[in-house]
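# Geometric and topological summary
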Amino acid sequence: EKGGYDYFMLKEIAEQPQAVADTLLGRVGPDGLLVLDEMRLSDQELRDITKIIVVACGTSYHAGLIAKYAIEHWAGVPCEVELASEFRYRDPILNRDTLILVISQSGETMDTLMAVRHARDQRSRVLAVCNVNGSTISRESDAVLYTHAGPEIAVASTKAFLTQLVACYLVALYLAQVRGMKFGDEISQIMARLSEMPSKVSEVLGTVEPVRALARSLAAERCVLFLGRHVGFPVALEGALKLKELAYMHAEGFAAGELKHGPIALIDKGLPVVVVVPSPVGQRVIHDKIVSNIQEIRARGARTIVIAEEGDTAVEPYADTLIRIPAVPTLLQPLVATVPLQVFACELAAAKGHDVDQPRNLAKSVTVE
Ligand code: M6R
């Protein structure tokens, strides 16, 4: 049932191009506009929304952090992102014009479910992005956009995460469409780029062998740091979470701009630091800033592992290890940048002899608060 793979996690990583393609399937109507039947909220209701709060846990929360960039950039709606376990304990200001976007692979996570109930009690509308049909969260929400990742068995979320990103991009574009937003690229152009993503993810999967070798070489390390900016920041958080849960190593993700406000003190000789670099084309300014962040940490002895787009030569002098990913639009970069980090954590955990699919102390769906 593992389809020839050693672990479900490896199988699920390999299934990502298909999962992304399946989640994109049939979303565009004959007129080139998006049709999200499952939204079940009228266009008028979506036009009335004044604020979106994304609520989720763990990896799904990281998808939410990325959703915020897409929603604010494309749809122009103010968006906050909150951990479900914090959300209902802080008296959030909610009303009918607040849309709660909940993200949950299982649709059974207790903290997230409680957040849904709290939001509905306050008369907010709830749109759920779920992977499991008929799950409790999908039943209790006003609308559901299903991801089509198929069953995810490994405790560590991989293909569900990529499909959650796709679903969030679709929500952002749909909101942009109904709200008549004007932005540089037309929705159809972005959809065309999204439809290329399955093959871009396949491309990354075809080049991960050196990542596996790197992971094995780091099996004796005690700590790995992850840095990113813009949408690369949640990717860094996700890379760190994967390593914690699978390899039981201290791993932390930071916004690279925060380095000088504290974390740079952690940099020690030989400390592995993974840096997710934004596109030099789409994000020139932050690209250049992160290149200087890489220089700073390397000057202090860090071992730099740099994930950068093909053709980005500026990073070459400062990368002890360079992992190439295809050039894609900035907001979509997490779909390709996360993949090497999943492989990295999986391989490192396997090298340490851990149970990759069933890490200690963890459950696939957390049904207690
Ligand atoms: O089923 P959910 O998406 O609600 O689960 C949320 C988290 O428990 C989950 O993403 C967890 O963080 C994963 N084990 C991460 O790999």
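Residues numbered from 1 in each chain as written. Predicted model: local features only at pLDDT ≥ 70, side-chain atom pairs only at ≥ 80, totals over all residues. Heavy atoms only, no water.

### Quick look at the environment of I264
Where we set the bar: A run of H or I in DSSP becomes a helix once it reaches four residues, and a run of E becomes a strand once it reaches two; helices and strands are each numbered from the N terminus. Contact criterion: two residues are considered in contact whenever any of their non-hydrogen atoms come within 4.5 Å of each other.
Tracing the backbone shows I264 in the loop between β7 (250–255) and β8 (272–276). Along the chain, I264 and V20 lie 244 residues apart, while their C-alpha atoms are 36 Å from each other. The contacts of I264, once residues within four sequence positions are left out, are L259, E296 and R300.

### Re the site of the ligand
Condition: Here a residue counts as near a molecule or strand whenever at least one of its heavy atoms sits within 4 Å of it. Pairing of N or O atoms within 3.5 Å defines a polar contact, subject to two protein rules: one partner must be a possible hydrogen donor and the other a possible acceptor, and residues neighboring in sequence count only if both atoms are side-chain atoms. Areas reported here follow the Shrake-Rupley algorithm with a probe of radius 1.4 Å; residue values treat only the protein chains shown as occluding. Amino acid classes used here: Ala, Val, Leu, Ile, Met, Phe, Trp, Tyr, Cys and Pro are nonpolar; Asp, Glu, Lys and Arg are charged; the rest, including Gly, are polar.
Around the ligand lies a shell of 14 residues, among which S60, S104, Q105, T109 and E245 are the nearest. In the environment of the ligand, an oxygen atom lies 2.3 Å from a nitrogen or oxygen atom belonging to the side chain of E245. Contact with the protein chains hides 91% of the accessible area of the ligand, taken as 410 Å² for the molecule alone. Broken down by secondary-structure element, the contributors of at least two residues to the shell around the ligand are α4 (58–75) and α12 (232–247). Along the lines of polarity and charge, the residues of the shell around the ligand split into 4 nonpolar, 8 polar and 2 charged.

### Description of the pattern of salt bridges
Applied cut-off: Put simply, a salt bridge is a Lys or Arg side-chain nitrogen that is within 4 Å of an Asp or Glu carboxyl oxygen. The buried label applies to any residue whose accessible area, calculated with a 1.4 Å probe on protein chains only, is under 20% of its type's maximum; exposed applies above 50%, and partly exposed to all values in between.
Evaluated as defined, the whole model comprises 20 salt bridges. For the salt bridge of E347 with R216, the shortest nitrogen-to-oxygen distance reads 2.6 Å. Taken together, the positions of E347 in helix α14 (residues 333–351) and R216 in helix α11 (residues 209–217) put the pair 131 residues apart, joining distant regions of the chain. E238 is the salt-bridge partner of K242, the closest N and O atoms lying 2.5 Å from each other. A residue pair is termed a helical-turn pair when its members lie 3 or 4 positions apart in one helix, as K242 and E238 do in helix α12 at 4 residues. Neither residue differs from the other here; K242 and E238 are each classed as buried. Here the residues in one salt-bridge network are K51, E80, E82 and R90, joined through shared partners.

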